[in-house]
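What follows is the residue order along each chain.
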Amino acid sequence: MDNIEIIFKNIINNNIEFTKHGKVATYIPELAKNNPNDLGVYLITLDGKEYCAGDYNKKFTMQSVSKVLTLMLSLIDNSNKVFEKVGMEPTGDGFNSIVNLEIKDIHKPFNPMINAGAIATTSMIKGKSVSDKVNRILDFARKLANNPSININEKTFLSEKETGHRNRSLAYFMKSYDIIEGNVEDILDIYFCQCSIEVTCKDIANMGCVLANDGISIHTGERLISEQICKIAKTIMSTCGLYDASGEFAVHIGIPAKSGVGGGIMAAVPHKMGIGVYGPALDEKGNSIAGIQILKELSQKLDLTIY
Ligand code: GLU
């Protein structure tokens, strides 16, 4: 038995207790149906070894984890022009905060990992129609996950569309300052679709693997993203990936990662592995409370910090 296998034997037992101290997201009604006791993890090393534990097979929606994908796609489509409309700085505010958009002179969202920034990067993805753009995002997710069956959870999409008033206000605010161009409702539909992409821990571990491997699929050897775009994505994940807990996560765990309110966290350990965790009980900042603890245990025991 190797070292990771030994750790995986107890990793759920060691951390399940933390799920009791978190709550599932309820502001999107469909997410309120998630089971707060779920906890799963999947780890894939760049040389192809796979490890899993707990509820690694349960499906959940990507939510903010998808923001990394749309950042990369918008960079593929527009290169660094993206950063004329979206910044690269952490905020220290919540993921759906409107305050910084209003008080800064240029009204540009702080970074692509908060909702405003992600809506802006999504608006820059090219395609002939809404469905064309959604299909490009889905196709990208399928390639990165090495899983052609990935799809959108229709119920979650509709739930977000019906209740996403805060996102709607962020988008219209940005439209009024020309941060986003085009039809706002169309852009929001694309954004709600990307958030509703349904995955498992294995899928996001595979996505993390591509990032850890500087853009090349470990399964096909195909280059899916340029090294430069991978570098930008991992850097922004390191500084902004865990909402306003990104600094603390960097100190204690030190792995480029992105969380979502669906309970997923995608982590990319450069040149070593991709990790996907799922635990829908969230802490007060919106991060998977037990998922963070699992990553902490792995980082400490396997010495994964990049710093
Ligand atoms: N769909 C969610 C929203 O826009 C994503 C938020 C998140 O995961 O942080 O509110």
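These lines cover the structure that appears in this document, whether it is placed above or below. Each chain has its residues counted from 1, following the order in which its sequence is written. Where totals are concerned, whole chains, interfaces and linings use all residues; where local detail is concerned, this predicted model gives features only for residues with pLDDT of at least 70, and gives and counts side-chain atom pairs only at 80 or more. Here the side-chain values reflect all heavy atoms present in the structure, with hydrogen atoms and water set aside.

**Side note on the packing of aromatic side chains**
Right, on to step 1. When two rings of Phe, Tyr or Trp (its six-membered ring) have centres within 6.5 Å they constitute a pair, described as stacked for plane angles under 30 degrees, edge-to-face for angles over 60, and tilted for the intermediate range. Inspection of every chain in the model, using the stated rule, returns five aromatic pairs.
Right, on to step 2. Ring geometry for Phe-60 and Tyr-278: centres 4.4 Å apart, planes at 5 degrees, overall stacked. Of the two residues, Phe-60 is situated in strand β3 (residues 60-61) and Tyr-278 in strand β8 (residues 273-278); the sequence distance between them amounts to 218 residues. In terms of burial, Phe-60 and Tyr-278 fall into one category: buried.
Right, on to step 3. With a centroid separation of 5.3 Å and an interplanar angle of 50 degrees, the aromatic rings of Phe-173 and Tyr-177 are classed as tilted.
Right, on to step 4. Relative accessibility decides the category of a residue: with a 1.4 Å probe and only protein chains considered, values under 20% of the type maximum give buried, values over 50% give exposed, and everything between is partly exposed. With a relative accessible area of 18%, Phe-173 lands in the buried category.
Right, on to step 5. On the basis of relative accessibility, which here comes to 40%, the residue Tyr-177 falls in the partly exposed class. Runs of H or I in DSSP of at least four residues are treated as helices and runs of E of at least two as strands, each being numbered from the N terminus.

**A few points about the packing of helix α1 (residues 3-15) against helix α13 (residues 289-302)**
Right, on to step 1. To get an axis, fit a line to the C-alpha atoms, keeping to the stretch in contact for a helix; angles then go from 0 to 180 degrees between the N-to-C directions. Contact geometry for α1 and α13: axes closest at 10 Å, N-to-C directions at 150 degrees. In terms of axis orientation, α1 runs roughly antiparallel to α13. Note that α1 runs across α13; the crossing there is right-handed. Across the interface between the two elements, Asn-3, Ile-4, Ile-7, Phe-8, Ile-11, Ile-12, Asn-14 and Asn-15 of α1 pack against Ala-290, Gln-293, Ile-294, Glu-297, Leu-298, Lys-301 and Leu-302 of α13. The scheme is simple: roughly parallel for angles under 35 degrees, roughly antiparallel for over 145, roughly perpendicular for 65 to 115, oblique for anything else. Less than a right angle of anticlockwise turn of the near helix away from the far helix marks a crossing as left-handed, whereas a clockwise turn marks it as right-handed. Throughout, a residue-residue contact means that at least one pair of heavy atoms, one from each residue, lies within 4.5 Å.

**Thoughts on the pattern of salt bridges**
Right, on to step 1. Salt bridge, as used here: a side-chain nitrogen of Lys or Arg that lies within 4 Å of a carboxyl oxygen of Asp or Glu. Under the definition given, this model contains 11 salt bridges.
Right, on to step 2. Here Lys-33 ties to Glu-30 by a salt bridge, and the two come within 3.0 Å at their closest N and O atoms.
Right, on to step 3. A relative accessible area of 60% places Lys-33 in the exposed class.
Right, on to step 4. When the shortest N-O distance is used, the salt bridge between Lys-49 and Asp-47 registers 3.5 Å.
Right, on to step 5. Classification of Lys-49 by relative accessible area gives partly exposed; the value is 42%.

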